[in-house]
Amino acid sequence: MRIVSLLCASTALVMPAMAFAQSTGSVDFEEDEAIVVTGSRVSDVGGVTAPDTTKAKAALTSEVIARQNPGQTILDTINLIPGVSFQNNDAYGSSGGTLNIRGFSADRVSLTVDGIPLNDSGNYAIYSNQQFDPEIIGEVSVNLGTTDVDSPTASAAGGTVNYRTIVPREELGAMVSASVGEYNFRRIFGLIETGNLTSFGTRAFISASSSKNDNPFNNYGKVNKQQYNAKLYQPIGNAGDFVSIAGHYNQNRNNFFGSLPLRWDEGRIVGGQSTNRFPRNNDEREYIINYPCSLDTPQAGVVDSQAPAPAAPTAGASCGTEFDRRYNPSNTGNIRGSARITSGAFTFTVDPSYQYVKANGGGTVLGREGVRTIGGANYTGFIGGQYYFGRDLNGDGDTLDTCSTTGAACSSGNTNGVTLLAPSQTQTHRYGVIAGVRWDINDDHAVRAGYTWDRARHRQTGEVGAVLSNGEPADVFPVNDPISDASGTVVQKRDRLSYAILHQIWGEYRGEFLDEKLVVNAGLRVPFFKRDLNNYCFTTASNGNVDCFGTNAQANTGYAALNPTLQGPQQRVFKYDAILPNIGFIYDFAPRMSVFANYAKGLSVPSTDNLYNSFFFAPNTPEAQPNPEKTDNYDVGVRYRGSRLQAQLGAFYNRYTDRSASAFDPELNTSVFRNLGRVDKYGLDGYVAYQPMRALDLYVFGSYLKSEIKDDLLIGETATGDPIYAPTAGKRESGAATYTLGGTVRGTLGPVELGVTGKRTGPRYIFDTNQPILALVNGATTELFPAKAPAYWLVNLDARYSLKDLGLERTYVQFNVYNLFDQFYVGGFGGGLNQSLTRNAAGTITGYGSPPFVQIGAPRTISGTLVIGF
């Protein structure tokens, strides 16, 4: 078995022995990709490596990671890998972003750290602002279109992003990093490595960071983040065996910002900037919201309103209701174990883990102090999208602050009530184990097999909390002290308890033939997914809308009697299983040159949100049984792996079937989440890393993607029953860049190092129909925005001055400029099927839906960092 070596001298402070894979078992099995720090660089060029694997894969070491903006999310760093497209919401990586790999959105890409899954266990979302501090990440790799056989993922149709944390060094060491930058950015990071604590090599590290910054677009939003990490590592013997345990905790407090409707008509102008259309250029990028301000003052005997003055009893009553005033708080943590034990020809590996998540996102609502009368009975709770409490909410001694004193339904346009905070709350406890055994049959053949278990308890609720007079929440987590109605029942917009459970068996064979010139991998992954879902509300529409009465048994019984056709509180269990083969080979046809090919079958199980939408339909009906998405991914390519040149060029084809989305069902006369058909994706991706001399690194990369939706999609019907289709057949999928290209030039002259990285992201369609955003203006169809978000360049600069000549070996000053030329561009968006329409009985279009909200691209941002290490 071949093992190659690496030295990353410039980042030796945090550079461990590493391998480009996920779990401990995958690291152990993929010896062809193993990295050992020996003192001679033969595996990477400028921090870029082409792992010698059957899969289309690329990896970046800490040499690249350390040169990004201070505290940068690892998902922005992998923008250097072909096929990857990431739009950061701000330059520092703590405000979220949008990931796309080979045309697949983030919820169809698996993200792992040290082998444990980081995707949301319910909707598979990836939260880029919750990733590990870059200083403790040793390497990151991307599998394009495939995953490892032991991976505990429910959704990896687009591939996997895997990063591994550092192993503590054997020598005592420490590092402190202090950063300042534009938009009031302040960050401090500290790392202590104990070195060997015992004669048998026990060692550990502990790190902590804190960062704060303002948002770059308005006069309000801020980011406040802190993170803590630790690892205890115990080597066993001299064969690479070990036991380790690691812990992580991250706390984010940030506001939403920079998201505006994608339209370029004039719109409404406030303070010189438009607050209801997307800016056209940098001059329009900043906008003003209503801050500082005050809410309506409660008054006894008066119907309090949250409309702006003079409609409200006091001025400024709309305070705190803007989108940009919303918080997106999160507390996340995990404990990760890892072990490798060798006994003769057998190697045993195990990776247990526990994860905790507490997070929410959402804005304010109007709490109504009245009740809702239905069938002669009075109800409180969440009904028809409105919150009814039947009691005094603001302490003014009356219950007049409501839309109606007769129990009539409140409309969304009525502003009488009390402003409350109503985010969507999630709390998750997740346990997992990956266990396997490898058998080295002889020097040329090995097999491994094992079991993966993953269980997440996913609690999704929608409690409401108080809002202070200045529009700020009393507590960003209303779940801590939720507001109840007159009966003592907690009022909330959703009430779910889900268990996402995976039992998976897997096996893999690797053999070497023809004097080790041919390597064959064949694997099989057999997952058994179970979704045990409990909805404690009444599902009132196919889009998942609900009426909720919580634990009020009398209200639940009465409402069920009045609405016998609605699906009330209930439990449903969904099961999905599949046989997922993965086979490939590498053939070395010349020194340092090889060809590779791989086939992998993928699966994406429906998210819990989509499964809960199906609760609108009776159990066992076709509409209540969404199917998983499936992919057949084929890769073929050629590689060159040398000490000064690393290169890979590959072609891929992905047959994507049972693509899922909401679509109209004429028999049910409603939109239903269902499988829509087939999409073919194919293209090219490649990269070259070259070091013509020790002081100069060159890197260039690029990708091209073509996707083709095979069928038109039924979206409605006329009054006479004639079908209406969205013209999607032959069109490209939305949200994915048609191409990417870029490169890096990095040079060193004495103590000075300078690097420039540029990337051009190609145009992205807004809708699957590939049509522009439209509106009816005075009866005429008017284009609000073109069909595609324009292509754009993003150029980043980093400069480093080393103090090595002064005897400070690991001390340096680093400057970063993100978006060097202050390029204005459309940031992240997910894409969509089509712009919603309204039609008359004859099928003629009478109106267009609102444009989608998209992010403004992060502006030019300058920062500086002082790193002191020993």
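Because the structure is predicted, anything quoted here is derived from the model rather than measured.

Assigned secondary structure in the chain consists of five helices and 58 strands. Relative to the compact-globule value of 29 Å for 870 residues, the chain shows a C-alpha radius of gyration of 28 Å, a close match. Along the first, second and third principal axes, the C-alpha atoms of the chain reach 85 × 60 × 55 Å. Classification of the 870 residues of the chain by burial places 58% in the buried group. Contacts in the chain between residues far apart in sequence, at least 24 positions, make up 70% of those at least 6 positions apart. Across the chain, 72 positive and 81 negative side-chain charges occur, with their mean positions spaced 2 Å apart.

Another point: the side chain of Thr-112. Mapped onto the secondary structure, Thr-112 falls in strand E9 (residues 110-113). In this structure the side chain of Thr-112 is engaged in a polar contact, spanning 3.2 Å, whose partner is the side chain of Asn-162.

Here we take up the pairing of strand E46 (residues 723-726). Alternating residues of E46 divide into Ile-724 and Ala-726, all buried, and Pro-723 and Tyr-725, none buried. Across four bridges, the pairing between strand E45 (residues 713-717) and E46 is antiparallel. Note on E46: the bridge partner recorded for Gly-716 is Ile-724. Between E45 and E46, which pair antiparallel in sequence order, lie five residues; one of them, Gly-721, sits at a positive phi of approximately 90°.

Here the focus is the sheet that holds strand E6 (residues 84-88). In space, the three strands of this open sheet follow the order E6-E7-E8, with antiparallel pairing throughout. Looking at which strands have only one partner, the edges of the open sheet turn out to be E6 and strand E8 (104-105). Here two bridges tie strand E7 (residues 97-101) to E8, and the two strands are oriented antiparallel to one another. Counted as the bridge partner of Asn-100 is Ser-105 from E8.

All right, on to the nonpolar core then. Formed by 44 residues in total, the largest nonpolar core has its most connected members in Leu-75, Ile-78, Leu-99, Val-161 and Tyr-163. A total of four residues in this core trace back to one element, the largest contributor, which is strand E11 (residues 137-144). Residues contacting Ile-78, with those up to four places away along its chain left out, are Leu-60, Val-84, Leu-99, Val-140, Val-142 and Val-161. In this structure, Leu-262, Ile-766, Phe-767 and Ile-856 belong to the second largest nonpolar core, which totals 25 residues.

Tallied over the full model, the rule gives 33 salt bridges. A salt bridge links Asp-454 to Arg-430; the shortest N-O distance between them is 2.8 Å. Remark: Arg-430 occurs in strand E29 (residues 424-440) and Asp-454 occurs in strand E30 (residues 445-463); sequence separation between them is 24 residues. Per residue, the accessibility class of Asp-454 equals that of Arg-430, and both read buried. A salt bridge links Arg-459 to Asp-495, with the nearest nitrogen and oxygen atoms 2.8 Å apart. One end of the pair, Arg-459, is in strand E30; the other, Asp-495, is in strand E32 (residues 492-513), and 36 residues separate them in sequence. Classification of Asp-495 as buried rests on a relative accessible area of 6%. Shared partners join several salt bridges into a network, and the residues in it are Arg-67, Arg-746, Glu-753 and Asp-798.

Turning to the confidence of the model for the chain, a few remarks are in order. On average, the chain scores 89 in pLDDT, and the residues at 70 or more come to 91%. Considering only residues more than four positions removed or in separate chains, one finds that residues 268-273, a stretch of pLDDT under 50, has eleven contacts. Here residues 310-316 scores under 50 on pLDDT; set against residues more than four positions off or in separate chains, the count is 19 contacts.

Let us look at the side chain of Gln-72. Turning to its location among the elements, Gln-72 is positioned in the loop between helix H2 (62-65) and helix H3 (74-77). Side chain to side chain, Gln-72 and Asn-88 meet in a polar contact 2.9 Å long. Among residues more than four places away in sequence, those in contact with Gln-72 are Thr-77, Asn-88, Ala-91, Tyr-92, Gly-93, Pro-134 and Tyr-818.

Time to look at the sheet that holds strand E27 (residues 386-388). Reading across from one edge, E26-E27-E23-E28-E31 is the order of the five strands in this open sheet, with mixed pairing throughout. The open sheet has two edge strands with one neighbour each: strand E26 (381-383) and strand E31 (465-466). For strand E23 (residues 364-368) and E27, the ladder comprises two bridges, and the chain directions are parallel. Residue Gly-367 lies in a different strand from E27, and its bridge partner there is Tyr-387.

This part is about the packing of aromatic side chains. Per the counting criterion, the structure on display carries 25 aromatic pairs. Geometrically, the ring pair formed by Phe-323 and Phe-853 is tilted, given 6.5 Å between the ring centres and 35° between the ring planes. In this pair, Phe-323 sits in the loop between strand E20 (273-274) and strand E21 (330-343) while Phe-853 sits in strand E57 (residues 853-855), placing the two residues 530 residues apart along the sequence. With a centroid separation of 5.1 Å and an interplanar angle of 80°, the aromatic rings of Phe-616 and Phe-617 are classed as edge-to-face. Every member of this aromatic cluster is reached through a ring pair, and the members are Tyr-379, Phe-538, Phe-549 and Tyr-559. Above the plane of the ring of Phe-652 lies Arg-102, whose end atom (NZ or CZ) is 3.9 Å from the centre.

Cut-offs applied
- Residues numbered from 1 in each chain as written.
- Predicted model: local features only at pLDDT ≥ 70, side-chain atom pairs only at ≥ 80, totals over all residues.
- Heavy atoms only, no water.
- Helix = DSSP H or I, 4+ residues; strand = E, 2+ residues; numbered from the N terminus.
- Rg over C-alpha atoms; globule rule 2.2 N^0.38 Å.
- Buried < 20%, exposed > 50% of the residue type's maximum accessible area, 1.4 Å probe, protein only.
- Contact = heavy atoms within 4.5 Å.
- Lys, Arg positive; Asp, Glu negative; His and termini not counted.
- Charge placed at Lys NZ, Arg CZ, Asp CG, Glu CD.
- Polar contact = N/O pair within 3.5 Å; in protein donor to acceptor, adjacent residues only side chain to side chain.
- Pairing = 2+ DSSP bridges.
- Core = buried A, V, L, I, M, F, W, Y, C linked by side-chain atoms within 4.5 Å.
- Salt bridge = Lys/Arg side-chain N within 4 Å of Asp/Glu carboxyl O.
- pLDDT = per-residue confidence, 0-100.
- Phe/Tyr/Trp six-rings, centres within 6.5 Å; stacked < 30°, edge-to-face > 60°.
- Lys NZ or Arg CZ within 6 Å of the ring centre and 35° of its normal.

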